[in-house]
Amino acid sequence: IPIRRRRIRHHPQRILGTIHPELILQMKRTVDEIQLGRFDTAIEGVRKGLNVAGMVDMDGNIYYAMGAMKNLDPADYPGLNIVAPELLAPNAVNNYERVVDHAEQKLLNYAKANNIDVAAMYTYLDPCPAAQSWKKMVLNGLIHGKKTCEKAIKDAGLISIGDGMYINPLVQLKSAFNL
């Protein structure tokens, strides 16, 4: 009798695979270029402090998103995988109400909805609540019942390696990174 093996998607002991650090560096450079307005089509909102984040999946696909009051327009960035969901809090009055529309949350929600294994994430600005005036109102990683980006990243199993870069510890990186 043949044995059927099922693939276990999120077993905590499983190594997800190997990814080339060049993809992660490419994602970081592109996020920086979008954030700093170096693309000819860059939107003004990015230069005014809206955050841009990028994510690399285990298949080597790279995704980008901006938050919290706008989305990147895929037409402005041909060839890039832009995550631009409908904003969940378009009429938010307080900054902390927009946390659900932050770039990091858009990417993580997209990954979860599409069953994507995240290898790495980079965020240009520190994930909330790091520099937010409402930081004191956060309790257990939540602000009025909504996850902060810091908590969402942690809950996704990503660990910080510094300077806005987060890596899945179950991923083996080839060559350049010695983690």
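Being a predicted model, the structure only gives us computed values, none of them experimental.

Rules and cut-offs
- Residues numbered from 1 in each chain as written.
- Predicted model: local features only at pLDDT ≥ 70, side-chain atom pairs only at ≥ 80, totals over all residues.
- Heavy atoms only, no water.
- Core = buried A, V, L, I, M, F, W, Y, C linked by side-chain atoms within 4.5 Å.
- Buried < 20%, exposed > 50% of the residue type's maximum accessible area, 1.4 Å probe, protein only.
- Helix = DSSP H or I, 4+ residues; strand = E, 2+ residues; numbered from the N terminus.
- Contact = heavy atoms within 4.5 Å.
- Pairing = 2+ DSSP bridges.
- Axes fitted to C-alpha atoms, helices over the stretch in contact; angles between N-to-C directions.
- Phe/Tyr/Trp six-rings, centres within 6.5 Å; stacked < 30°, edge-to-face > 60°.

## Points about the nonpolar core
Then, number 1: Ranked by size, the top nonpolar core spans 21 residues in total, and within it Ile24, Met27, Tyr64 and Leu72 carry the most contacts.
Then, number 2: Contributions of two or more residues to this core are made by helix H1 (21-35), strand S2 (51-57), strand S3 (62-67), strand S5 (118-123) and strand S9 (165-167).
Then, number 3: Per-element accounting of this core gives the leading share, four residues, to H1.
Then, number 4: Those residues in contact with Met27, other than ones at most four positions away along the chain, are Gly54, Met55, Val56, Ile62, Tyr64, Ala120, Met121, Tyr122 and Met165.
Then, number 5: Ala65, Ala111, Met121 and Leu158 belong to the second largest nonpolar core, which has 16 residues in total.

## Considering the pairing of S2
Then, number 1: Burial within S2 is extensive, with seven of its seven residues counted as buried.
Then, number 2: Residues Asn51, Ala53, Met55 and Asp57 point to one face of S2 and Val52, Gly54 and Val56 to the other, with burial holding for every one of them.
Then, number 3: Connecting S2 to the antiparallel partner S3 that follows it, the hairpin turn spans four residues, and Gly60 within it adopts a positive phi of roughly 85°.
Then, number 4: Here S2 pairs with S5 via five bridges, running antiparallel. Residue pairing across strands places Ala53 opposite Thr123, the latter belonging to S5.

## Thoughts on the sheet that holds S9
Then, number 1: Taken in spatial order, the six strands line up as S4-S3-S2-S5-S9-S8 in an open sheet, and their pairing is mixed. Unpaired on one side and paired on the other, strand S4 (81-82) and strand S8 (159-162) mark the two borders of the sheet.
Then, number 2: Pairing of S8 with S9 involves three bridges; the strand directions are antiparallel. Residue Ser160 lies in a different strand from S9, and its bridge partner there is Tyr166.
Then, number 3: Set on the sheet, H1 makes contact with S2, S3, S5 and S9; between it and S2 the angle comes to about 160°.

## A closer look at the packing of aromatic side chains
Then, number 1: Following the criterion strictly, the structure yields two aromatic pairs and no others.
Then, number 2: Aromatic pair Tyr63 and Tyr110: ring centres 5.4 Å apart, planes at 50°, arrangement tilted. One end of the pair, Tyr63, is in strand S3; the other, Tyr110, is in helix H3 (residues 103-113), and 47 residues separate them in sequence.
Then, number 3: A centroid spacing of 6.4 Å and a plane angle of 70° characterise the contact between Tyr96 and Trp134, whose relative ring orientation is edge-to-face. Of this pair, Tyr96 sits in the loop between S4 and H3 while Trp134 sits in the loop between S5 and strand S6 (142-143), and the two are 38 residues apart along the sequence. Both residues of the pair, Tyr96 and Trp134, belong to the buried class.

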